[in-house]
Amino acid sequence: MTTLELRSGDPSDSLVTPSAALGIFRRPLATTGWKSWVFTVDHKKLGIMYGAVAMFFFLLGGCEALLIRLQLAAPDNTVLSAGLYNEMFTMHATTMVFLFVMPMAAAFANYFLPLQVGARDVAFPRMNALGFWLFLFGGIFLNSSWVLGGAPDGGWFMYSPNSSALFSPSHGVDFWVLGLQITGIASLIGAINLIVTVINMRAPGMTLMRLPVFAWMQLVVQFLLLFAIPVITVALFLLSFQRNFGAAFFDVEQGADPLLWQHLFWIFGHPEVYILILPSFGIISEVIPTFARKPLFGYKFVVFSGAAIGFVGWGVWAHHMFASGLGPVSVAVFSVSTMLIAIPTGVKICNWTLTLWGGKLWFTTAMNFAIGTIVLFTIGGLSGVTHAAAPADTQQTDTYHIVAHFHYVIVGGAVMGLFAGFYYWWPKMFGKTLSERLGTWNFWLMFIGVNLTFGPMHILGMQGQPRRMVVWPDKLTGDGFFNLGFWNRVASVGSFTIATGVLLFVINVFRTARKTEKAPLDPWDARTLEWLTTSPPKEHNFDSIPTVHALDEFFHRKYEEVDAEGGSRLVKVKTAEEVQAELNAHPDEHMHLPSPSYWPILLAFSLPIITYGVIFNLMLSVFGAVILLLAAFGWVLEPSVAGHDEYDPPADSGDSTKELASVG
Amino acid sequence: MAVAAFAAAVLFAGCAQDAPQDTFQPKGPNARTIDDVQRPLFYVAGIVGLIVFAVIGYSIIRFKDRGQDMPEQTHGKTWLEVTLTVIPAVILAGVAIPTVAAVFDLDDKSNECVINVTGQQWWWEYDYSGTCGGVEITQPIVTSGELVIPADTPVLLRITSRDVIHSYWIPALNGKRDAVPGRLQTLRMEADEPGIYTGQCTEFCGLSHARMRQAAVALSTADFQTWVTNQLAAYVAPEAGTLAATGEGTFVNQCSRCHQVNGLVAADGTPVLAEPDLYVVAGAAPNLTNLMTRTAIAGWTFDLLTDACREQLWNASPEEFGSLYLQGVWMNSGPDATKPVCFAEATLRDWLRDPAAMKPNYASPDQVASTGGLTRGMPNLNLTEDQIDQLIAFLLERK
Amino acid sequence: MADTTIHAPGHGTTTGLSNNKLAMWMFLGSECLLFGGLISTYMLYRGRHEGGPGPAQVFDIPLTSVSSFVLLMSSLTMVLAVNAAKAKDDRNTKLWLTVTALLGSLFVGGQVYEFTAFYKEGLGFTTSLFSSSFFTLTGFHGVHVSIGVMMLLALVAIISRGRITGDKAEAVEMIGLYWHFVDVVWVVIFTLVYLIPA
């Protein structure tokens, strides 16, 4: 990793350094080296770590996808056995949803929410660190199943009773259940933390209706997580009590109703879809106005439609169950509510398009990805409407048409949006700009690849090829233009096209890390607060917390209406450097930054010990529980922040610009 | 581009040739009700998509940065926003009304025939009784793989499962309905004309989910009557001294634990009754009384017909379909033939040699031990080639 | 005050609510859905008790009413503890926190007694769907009460040794919020599970 020196802020820039003595429990003090990362509570370092780990899991999940496409490239293929194929698609989905898209969105939220709202950190820095370590350990725990007797093989939806020990005899499902419990805790505490940060830690003047859309969408997502995670938690507990402790929640022989699982899973699962997509909506709502050089069209409508999606998203879960036999009344109600949700989604697409209209469009890689997101998401959204109609859905559900739909939404919408975020924010996070030339190739390969891979799946599905099939037989493929064999091969070629695009991104990251050329302070002529500080930002984010006067505050500090012949003209009156110098002319003093802590990683580490114990030996669980308890007490008793006299030099004035939470 | 591909998919899907599971080619009234909702939806979606992409495409070209002035910093126009909210709402209302109507239409349960359909890992069992399309079924008929129904007759399937959730789907006749253990759910099927309509299980159901297929076979009422009569015909024991007669003994010893052949009696004259619940997790195994009337085995996955005969049957006109189908593997063989020309013997032979090699079923010793010795499909019985010869001779007479 | 010229943000929060309290409210909101899921599961399965005793056979309403009353009283003592903490009265704070913890322990003790009695009557965790969902729901609640008791006792200890970081009254108030929530959930559980017949 020596070539990829990830740095967030220059430690020497800290205004004050905590001294060695911090009460009875010492806090770690390293400001460089691995310790400064492992024990950090800095939201920016945690954001980078979230991103790096999520990217690793993206590559892992991508390899699983490639193996799936290799298997399906030819009739009756034997690349993967039936068992391995089932494990592969289960883990591909689980990895991409829980270990890539969600944490990658969390990476952006962690890094940019405090910056965008004008805060020095999140509300609870140690909880933030705990969330990251839980995610990492949960992901490792889940994937360790590959070498400990077999990965989960029941599909990411894990329908009962197929998930019971009788029908899935390996420990795979146990790893899945317990691993998701761990990452679920990570998501829940992350959600609480970020909600409090956005609601309570905004800079002066940063009213809710001046929040950047990214912050708004993340706020909606955190509320969705807050209420969706406990529902899946209940479902997971019921399943693990059944598998590990002999209960019979989904055992039909004992009179259980297997549809209970489906309801619980989808009450979580449908909000989850919006949890995946809304962060990207937020990202492209930042990127498009920046590169169109005009504000987001209909800011209020975009914000409210996001909130509306968040609300209505709770009333559509049963559209995943139109073939389950719910009865015509429920089916009709959920069919109509599902169509309703297309309205706010359509509003968003219209607003992005109208933001482009009349703009001064600058086609950077970030902008290409953002426009690609609109296009691909629109296709996914429209195919979604075709199965909102329940009768049509009974033909389409569990076929490749659905696979096409949600990959257009999640890869075309969410993932492309995240890539827009990478290219847009990379100079802010690392002080260096990703290569635009490689970026262009990256974009086009991914854009074409997504269409090549998932476009044909519309055809495959409507021709009746179901999902989750390890083989497709040659003799049922049909003739002519719609030959299933041909389109399966096209999809497989497409998947490698996407992979090539992603590979170029990875190469781009490494080349950029090596390059010495610094990025300009404001490379994109951006609009929001995170650009009002150095790149990368200092540990304390802002030398002086800005007071906000308008939506797109940073833009309005740079531009002014100037009288010209034939009316006024918008002219850049100050450079970013000048704006920053003006703001920092009077830096805040005595900022109390959260100190690093040993406890988050230790506390997080106790959870996989407990869960391995549940699977292999309960004594191990007891041992893990003891660590958990000790870490919790250590956490509480640790001084959350140094006293004023414990700083070097002492912060004698007693005025702090950063209040720290005692349970932080 | 993607839009074009998507639009093309919609436009051409109706013209797909010989695509047995094409969802755009309804062959019965229920599937047509769905098609009437689905097809316009694709057109609406396609048109909306083209409009959006046209606007985006135009903007990209027209408003590219060519050094023009900074644009006006407009935050939107409320009237435009409201209009753009109302238009999709109106379109969706237009979609919602026929959708709801179709949901209730499809819930109609009136029928002239009820067939119980039971899913298990990894095949479907059908069980007939009462009257079906005017044909009296005097004793229960239990069969598997192929759902034989009278054409032009509304048939109500009562669907459930013995183990995990499966889903019954014949795209040409209707949408899917999940087979949920502990629940009885209905699905109405009706085929306009005689013919064979394929489908497969569409709810992920474990290891061999990909090899759980089915077909609906529609016959004219007369042909259906013939089929019923044949299914209920008394057992005819193989002629003494033939290979098939030896095969009968082998069958009783090796197969009859799980597989029922109605009317089969043991050497001591007692009826041979299968007890699959003692040997199989799902507690059921296909009834083989009339095995050779079916065109595929093992979850309707492996053809009993040779490729040429299969083509011939599948491409038969509705008029000639019934008589071909009723001949089964003896199709094209003539009345005096001793060996059926259409029989894909190698397939059955491979299957008897090692079923798990063709269709994985958690056959490893420790996996079988984990269920207390119950298997999830047919185990490898380590049959000798002689025994396989005998069994095939015996089974060929189960027609 | 060196930087009087600059408005120093972060002294107060944007909404004026403390971060800790806001976070606790959010957490409790999330907990509502957790108990909602568990209660729904119980309501679905409470009639399914083939091969074992049903609710009517095992429930001892008078006993559970008493322990419910004990738990409700602990909410009252919790209020007294919060008031004492706000008045910076350490002695009474500790006293009422301890009483609350004792009442909570009494409730948990009652639950342990109840579970043991049920077990003797043939209602094990795996006996029937009713028993599994009953023990899961009430067990989850019991764990919540137990964690509350641990937090209360830890808080007493920390106050005694003067090790509290941050605002003492707020720490008491936060645990109070949690404690009241757990009580309210019990009122719902007691009504739905014990009082309304299946």
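Within each chain, residues carry numbers counting from 1 in the order of the written sequence. Chain letters and ligand numbers both follow the written order, the letters beginning at A and the numbers at 1. For this predicted model, a pLDDT threshold of at least 70 governs which residues receive local features, and a threshold of 80 or more governs which side-chain atom pairs are given and counted, while totals over whole chains, interfaces and linings are taken from all residues.

### Regarding the overall build of chain C
Okay, step 1: Strands here mean DSSP runs of E at least two residues long; helices mean DSSP runs of H or I at least four residues long; both are numbered from the N terminus. When helices and strands are counted, chain C shows six helices and zero strands.
Okay, step 2: Seen in sequence order, chain C has helices and strands lined up from the N terminus as α-α-α-α-α-α.
Okay, step 3: In terms of its C-alpha atoms, chain C occupies a principal-axis envelope of roughly 75 × 35 × 25 Å.
Okay, step 4: Here a residue counts as buried when 20 or more other C-beta atoms fall within 10 Å of its C-beta, as exposed when 12 or fewer do, and as partly exposed in between; the C-beta atoms come from the backbone. Put simply, chain C has 198 residues, and 39% of those count as buried.
Okay, step 5: Note on contacts: residues are paired as contacts if their backbone-placed C-beta atoms lie within 7 Å. Within chain C, contacts between residues separated by at least 24 positions form 82% of all contacts whose residues are at least 6 apart in sequence.

### Remarks on the domain arrangement of chain B
Okay, step 1: For every domain, the bounds stem from an assignment made automatically or drawn from a database. By the assigned domains, chain B splits into domain 1 (2–53 + 78–106), domain 2 (114–232) and domain 3 (243–304 + 344–396).
Okay, step 2: Taking only C-alpha atoms into account, the centre of domain 1 of chain B sits 46 Å from that of domain 3 of chain B.

### A few points about the pairing of strand β3 (residues 567–572) of chain A
All names here are of chain A.
Okay, step 1: Of the strand pairs in this sheet, strand β2 (residues 559–564) and β3 are connected by six bridges, and their pairing is antiparallel. By the bridge assignment for β3, Tyr-559 is matched with Lys-572.
Okay, step 2: The pairing criterion for strands is at least two bridges between them, as found by DSSP. Connecting β2 to the antiparallel partner β3 that follows it, the hairpin turn spans two residues, and Gly-566 within it adopts a positive phi of roughly 75°.

### What about the packing of helix α5 (residues 129–160) of chain C against helix α6 (residues 168–195) of chain C?
All names here are of chain C.
Okay, step 1: Contact pair α5 / α6: the axes reach a minimum separation of 10 Å and the direction vectors enclose 160°. Taken together, the axes of α5 and α6 are roughly antiparallel relative to one another. As for the relative orientation of α5 and α6, their crossing is left-handed in sense. Two secondary-structure elements touch here, α5 through Leu-137, Thr-138, His-141, His-144, Val-145, Gly-148, Met-151, Leu-152, Leu-155 and Ile-159 and α6 through Lys-168, Ala-171, Val-172, Ile-175, Tyr-178, Trp-179, Val-182, Val-185, Trp-186 and Ile-189.
Okay, step 2: Residue polarity follows a fixed list, in which Ala, Val, Leu, Ile, Met, Phe, Trp, Tyr, Cys and Pro are nonpolar, Asp, Glu, Lys and Arg are charged, and the others, Gly among them, are polar. For the contact of α5 with α6, the residue count by class is 15 nonpolar, four polar and one charged. What counts as an axis is a line fitted to C-alpha atoms, over the stretch in contact for a helix, and the angles between N-to-C directions run from 0 to 180 degrees. Angles below 35 degrees are treated as roughly parallel, those above 145 as roughly antiparallel, those between 65 and 115 as roughly perpendicular, and all remaining angles as oblique. Note on convention: the crossing is left-handed when the near helix lies turned anticlockwise from the far helix by less than a right angle, right-handed when the turn is clockwise.

### Focus on the environment of Ile-34 of chain B
Okay, step 1: Within the element layout of this structure, Ile-34 of chain B appears in helix α2 (residues 29–62).
Okay, step 2: Residue Ile-34 of chain B is classed as buried on the basis of its C-beta count, with 25 C-beta atoms lying within 10 Å.
Okay, step 3: With 15 residues separating them in the primary sequence, Ile-34 of chain B and Ala-19 of chain B have C-alpha atoms 18 Å apart.
Okay, step 4: Every residue in contact with Ile-34 of chain B, bar those within four places of it in the chain, is listed here: Pro-391, Ala-392, Thr-394 and Gln-395 of chain A together with Pro-26, Ala-102 and Gly-175 of chain B.

### Quick word on the interface of chain A and chain B
Okay, step 1: The interface is formed by 81 residues belonging to chain A together with 85 residues belonging to chain B.
Okay, step 2: Of the residues contributing to the side of chain A that touches chain B, the split by class is 48 nonpolar, 25 polar and eight charged.

### Let's talk about the sheet that holds strand β5 (residues 155–161) of chain B
Residues and elements named next belong to chain B.
Okay, step 1: The strand order across the open sheet formed by five strands is β3-β2-β1-β5-β8, and the pairing between neighbours is mixed. Lying at the two open borders of the sheet, with one neighbouring strand each, are β3 (135–144) and β8 (185–189). On average, each strand axis in the sheet is inclined to that of its neighbour by 20°, with strand direction left out of account.

### Regarding helix α3 (residues 78–106) of chain B
Okay, step 1: Helices are assigned an expected span. That span is 1.5 Å times one less than the residue count. For α3 of chain B, built from 29 residues, the straight-helix expectation of 42 Å at 1.5 Å per residue is met to within 8% by its first-to-last C-alpha distance of 42 Å.
Okay, step 2: Of the positions making up α3 of chain B, those classed as buried are Glu-81, Leu-84, Pro-88, Leu-92, Val-95, Thr-99, Val-100, Ala-102, Val-103 and Leu-106 of chain B.
Okay, step 3: Against α8 (299–312), α9 (328–340), α10 (342–356) and α12 (390–396) of chain A together with α2 of chain B lie the buried residues of α3 of chain B.

### Description of the sheet that holds strand β9 (residues 195–200) of chain B
Residues and elements named next belong to chain B.
Okay, step 1: Reading across from one edge, β4-β10-β9 is the order of the three strands in this open sheet, with mixed pairing throughout. With partners counted over all chains shown, the strands left at the sheet margins are β4 (146–150) and β9, one partner each. Adjacent strand axes in the sheet meet at a mean angle of 20° when their direction is disregarded.

### Let's talk about the arrangement of the chains
Okay, step 1: The highest contact count of any of the two pairs of chains in contact belongs to chains A and B.
Okay, step 2: One finds no contact linking chain B with chain C; the least C-alpha distance across the pair is 13 Å.

### Topic: the nonpolar core
Okay, step 1: Joining buried Ala, Val, Leu, Ile, Met, Phe, Trp, Tyr and Cys residues through C-beta atoms within 7 Å gives a set, and that set is a nonpolar core. Ranked by internal contacts, the top residues of the largest apolar core, which has 372 residues, are Ala-54, Val-101, Ile-195, Ala-235, Val-287 and Ala-420 of chain A together with Ala-216 of chain B.
Okay, step 2: Top contributing element to this core by residue count: helix α6 (residues 213–245) of chain A, with 24 residues.
Okay, step 3: For Ala-235 of chain A, the contacting residues outside a window of four places in its chain are Trp-261, Leu-264 and Phe-265 of chain A.

### Regarding unusual backbone geometry
Okay, step 1: Here the residue pair Ser-160 of chain A and Pro-161 of chain A is connected by a cis peptide bond, since its omega of 0° sits within 30 degrees of zero.
Okay, step 2: Looking at where Pro-161 of chain A falls in the secondary structure, it is placed in the loop between α4 (125–143) and α5 (172–200).
Okay, step 3: Across the junction of Gln-121 of chain B and Trp-122 of chain B, the peptide omega takes the value -10°, indicating a cis bond.
Okay, step 4: When you line up the elements, Trp-122 of chain B lands in the loop between β1 (114–120) and β2 (123–132).
Okay, step 5: Look at Met-158 of chain A: it is not a glycine, yet its phi comes out positive at around 45°.
Okay, step 6: Following the sequence through the fold, Met-158 of chain A ends up in the loop between α4 and α5.
Okay, step 7: On the basis of neighbour count, Met-158 of chain A is assigned to the buried category, with 23 C-beta atoms found within 10 Å.

### Points about the packing of α2 of chain B against α3 of chain B
All names here are of chain B.
Okay, step 1: In contact at an axis separation of 10 Å, α2 and α3 are set at 170° when each is read in the N-to-C sense. The orientation of α2 relative to α3 falls into the category roughly antiparallel. Within the contact between the two elements, α2 uses Asn-30, Thr-33, Ile-34, Val-37, Leu-41 and Val-44 and α3 uses Ile-91, Val-95, Pro-98, Thr-99, Ala-102, Asp-105 and Leu-106.
Okay, step 2: Looking at the contact of α2 with α3 residue by residue, the classes come out as nine nonpolar, three polar and one charged.

### What about the pairing of strand β10 (residues 213–219) of chain B?
Sheet faces and side chains relate simply in a regular strand, where the side chains alternate between the two faces.
Residue and element names in this part refer to chain B.
Okay, step 1: Along β10, seven of the seven residues are buried, which leaves the element largely enclosed by surrounding structure.
Okay, step 2: Relative to β10, β4 runs parallel, the two being bridged by five bridges. Its bridge partner being in β10, Ile-149 is matched across the sheet by Ala-218.
Okay, step 3: Pairing geometry for β9 and β10, over six bridges, is antiparallel. Counterpart to Ile-196 in the pairing with β10 is Val-217.

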